[in-house]
Amino acid sequence: MFQKNPKLKIIFFLGFLLSLHFAFTAYINSSFLSMLAGIKIVPLIYVAGSICSLVLLFFTPIIIRKMGEYKFLLYSSILNALSLLLLSTLKSSYELIFIFIFYLTLNNLIIFAIDGILQIFSKNSSMGRVRGLYLTTINLAWVSGQAISTKAFFTSSLSFLYFVAFMIMAVFIFIVFLGLKNMKEPIYDKVAGWESFKKFFANKNLTRAYKINFLLQFFFVWMIIYTPIYLSAHLGFSWVQIGEIFTVMLLPFVLLQFPLGNYSDKIGERKMLMLGFSILSISTLCLFFLTKPVIWIWALALFSTRVGAAMIEVMSDVYFFKHIESRNDEFISVYRNTGPVSYIIAPISALILLNFLPSFNFIFLILGTIMLYGVYLSSRIKRKDL
């Protein structure tokens with residue numbers, strides 16, 4: 001794999017650094033924003049960032065056709081690092097909110113750019129192995145970063161953690177500049193924005209991959225927002241205990257995704273997606289019945305949900321990228337908008353449902369039921385589609 005495409009090592013390292021920086025900021029963002037604008041405004045800030053991401057992702061393929069993947073990644077990374085530096089130094093709440101929205105948007109653009117570059121350099125390798133190892137690499141950064149940032153959260157200021165993230169992104173920029181400067185880029189398809197959406201959803205395989213990935217992102221958003229609230233406010237876990245639970249919870253992404261990606265090259269993705277959604281749905285439904293604050297039980301239960309999620313994540317990506325070419329950057333932008341879309345739909349739907357639910361833990365019952373739809377979606381994949 002690396003012998004055929006030596007630049008894959010650079011891309012994998014970039015993915016590791018990007019995820020490491022995410023791990024330092026993801027779990028402090030809501031606390032940071034609540035201090036600036038109040039807890040009720042925090043979801044609106046995330047929605048604003050998601051809308052901005054959707055708009056820019058729509059135009060990103062046009063921009064990349066003019067400047068190329070390398071320059072787009074470099075400039076986006078520089079702006080990202082500058083926004084982190086400002087978040088760590090400025091004091092004005094209004095300015096910081098706008099900078100944070102800008103920062104969220106840039107994160108989605110960088111993820112898109114790395115996806116495109118990885119697709120360019122993995123064309124001569126088996127897709128399952130490449131995507132599986134790449135996801136393992138970035139999730140290893142998440143797990144290690146989660147363990148470090150949870151402890152740092154209690155010993156450092158939020159501003160300092162944003163500065164650490166800035167330093168990580170500074171190294172990221174340096175590696176991009178030195179390692180990808182002379183990369184050869186494909187001739188990108190000249191497809192208008194709306195036309196790319198029409199072409200994307202006219203393809204049944206791409207449409208199915210989009211729905212599968214949206215379901216997974218919807219699951220992530222609900223769990224990221226509401227699991228910490230339930231564990232802390234309703235069950236009384238301390239944040240140190242929650243950090244320990246989450247570290248165990250994330251281990252399947254490190255342990256499973258490379259062997260699963262390798263396995264998918266042999267048997268295809270249909271069975272693995274069906275199994276992944278079955279595990280995800282059943283284990284999420286089981287959370288409804290856990291009402292006692294026992295660390296090892298919750299760590300094991302959430303670990304089980306992520307076994308299913310890890311399977312779905314790698315199989316969804318493999319299934320999607322098998323059906324596009326490296327020149328189809330406009331399709332990647334559509335596929336990756338599932339993240340921002342879910343950050344709009346999931347919080348709003350949960351906010352509405354919470355007004356009618358008899359108790360908070362019913363969100364797990366509803367979420368587990370929704371995930372059952374993924375089993376049906378996966379079952380619709382035919383042998384000829386793989």
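Preceding this section is the structure that the text describes.
Residues numbered from 1 in each chain as written. Predicted model: local features only at pLDDT ≥ 70, side-chain atom pairs only at ≥ 80, totals over all residues. Heavy atoms only, no water.

Caption draft 1: Highlighting the overall build of the protein. Within the protein one finds 16 helices and zero strands. Per-residue burial for the protein yields a buried fraction of 56% across its 386 residues. Long-range pairs, those at least 24 residues apart, make up 86% of the contacts in the protein with a sequence separation of at least 6. Carbon and sulfur atoms make up 69% of the accessible area of the protein, which amounts to about 16,700 Å² in all. (Helix = DSSP H or I, 4+ residues; strand = E, 2+ residues; numbered from the N terminus. Buried < 20%, exposed > 50% of the residue type's maximum accessible area, 1.4 Å probe, protein only. Contact = heavy atoms within 4.5 Å. Areas by Shrake-Rupley, 256 points an atom, 1.4 Å probe, with all protein chains shown as cover.)

Caption draft 2: Just helix α13 (residues 295-321), in detail. Taking 1.5 Å of rise per residue, 27 residues should cover 39 Å, and α13 covers 38 Å from first to last C-alpha, within 8% of that figure. When you tally the buried positions in α13, you get 21 out of 27 residues, the bulk of the element. (Expected span 1.5 Å × (residues − 1).)

Caption draft 3: How the structure looks around helix α9 (residues 239-249). Every buried residue of α9 is accounted for by Ile242, Gly243, Ile245, Phe246 and Met249. Projected down its long axis, α9 carries its buried residues within an arc of 165 degrees, all on one side. (Arc of directions from axis to C-beta.)

Caption draft 4: View of the packing of aromatic side chains. Counting across every chain of the model gives 27 aromatic pairs. Note on Tyr46 and Phe100: the rings are 6.0 Å apart at their centroids and 85 degrees apart in plane angle, and the pair reads as edge-to-face. With a gap of 54 residues between them, Tyr46 in helix α3 (residues 42-89) and Phe100 in helix α4 (residues 93-121) connect regions that are remote in the sequence. Accessibility classification places Tyr46 together with Phe100 in one group, the buried group. Seen in terms of ring centroids, Phe288 and Phe289 are 5.0 Å apart; in terms of plane orientation they differ by 85 degrees. Their pairing is edge-to-face. (Phe/Tyr/Trp six-rings, centres within 6.5 Å; stacked < 30°, edge-to-face > 60°.)

Caption draft 5: Structural detail: a nonpolar patch on the surface. A cluster of nonpolar side chains, contributed by Ile51, Val55, Phe59, Ile63, Met67, Tyr75, Ile78, Leu79, Leu82 and Phe102, occupies part of the molecular surface with about 820 Å² of accessible area. Here the nonpolar patch gets nine residues from one element, more than from any other, and that element is α3. Residue position: Leu79 is located in helix α3. Note on Leu79: relative accessible area 37%, which makes it partly exposed. (Patch = residues over 30% accessible without salt bridge, like charges linked within 9 Å, V, L, I, M, F, W, Y side chains within 5 Å. Salt bridge = Lys/Arg side-chain N within 4 Å of Asp/Glu carboxyl O.)

Caption draft 6: Examining the pattern of salt bridges more closely. The tally for this structure, following the rule as stated, stands at three salt bridges. Arg336 serves as the salt-bridge partner of Asp115, at 2.3 Å between the closest nitrogen and oxygen. Separated by 221 residues along the polypeptide, Asp115 in helix α4 and Arg336 in the loop between α14 (329-335) and α15 (338-354) bring together distant segments of the chain. In this structure, Asp115 and Arg336 share a single accessibility class: buried. The salt bridge involving Arg336 is made with Asp317; its shortest N-O contact spans 3.2 Å. One end of the pair, Arg336, is in the loop between α14 and α15; the other, Asp317, is in helix α13, with 19 residues separating them in the sequence. Among the residues examined, Arg336 registers a relative accessible area of 16% and is labelled buried.

Caption draft 7: Region of interest: the packing of helix α12 (residues 270-287) against α13. It is the contact of α12 with α13, at a shortest axis distance of 8 Å, that shows an interaxial angle of 155 degrees. With respect to each other, α12 and α13 are oriented roughly antiparallel. The chirality of how α12 crosses α13 is left-handed. Between α12 and α13, the residues in contact are Met272, Leu273, Leu275, Gly276, Phe277, Ile279, Leu280, Ser283, Thr284 and Leu287 and Trp298, Ala301, Leu302, Ser304, Thr305, Val307, Gly308, Ala309, Met311, Ile312, Met315 and Ser316, respectively. (Axes fitted to C-alpha atoms, helices over the stretch in contact; angles between N-to-C directions. Parallel < 35°, antiparallel > 145°, perpendicular 65-115°, else oblique. Left-handed = near helix turned anticlockwise from the far one by under 90°.)

Caption draft 8: Quick peek at the nonpolar core. Residues Leu73, Phe100, Ile114, Phe172, Trp298, Leu302 and Phe320 are the most contacted members of the largest nonpolar core, which totals 126 residues. Ranked by the residues each element gives to this core, the list is headed by α4, at 17 residues. Contact partners of Ile114, with chain neighbours within four places excluded, come to Ile11, Leu14, Leu18, Leu73, Tyr134 and Phe172. (Core = buried A, V, L, I, M, F, W, Y, C linked by side-chain atoms within 4.5 Å.)

Caption draft 9: Molecular detail of the side chain of Asn213. With respect to the helices, strands and loops of the structure, Asn213 is situated in helix α8 (residues 204-234). The class for Asn213 is buried, based on a relative accessible area of 3%. Polar contacts involving the side chain of Asn213 include one to the side chain of Thr338, which spans 2.7 Å. Asn213 has contacts with Ser316, Tyr335, Arg336 and Thr338, leaving out every residue within four places of it along the chain. (Polar contact = N/O pair within 3.5 Å; in protein donor to acceptor, adjacent residues only side chain to side chain.)

Read these as layout, nothing more, since geometry by itself doesn't imply function.
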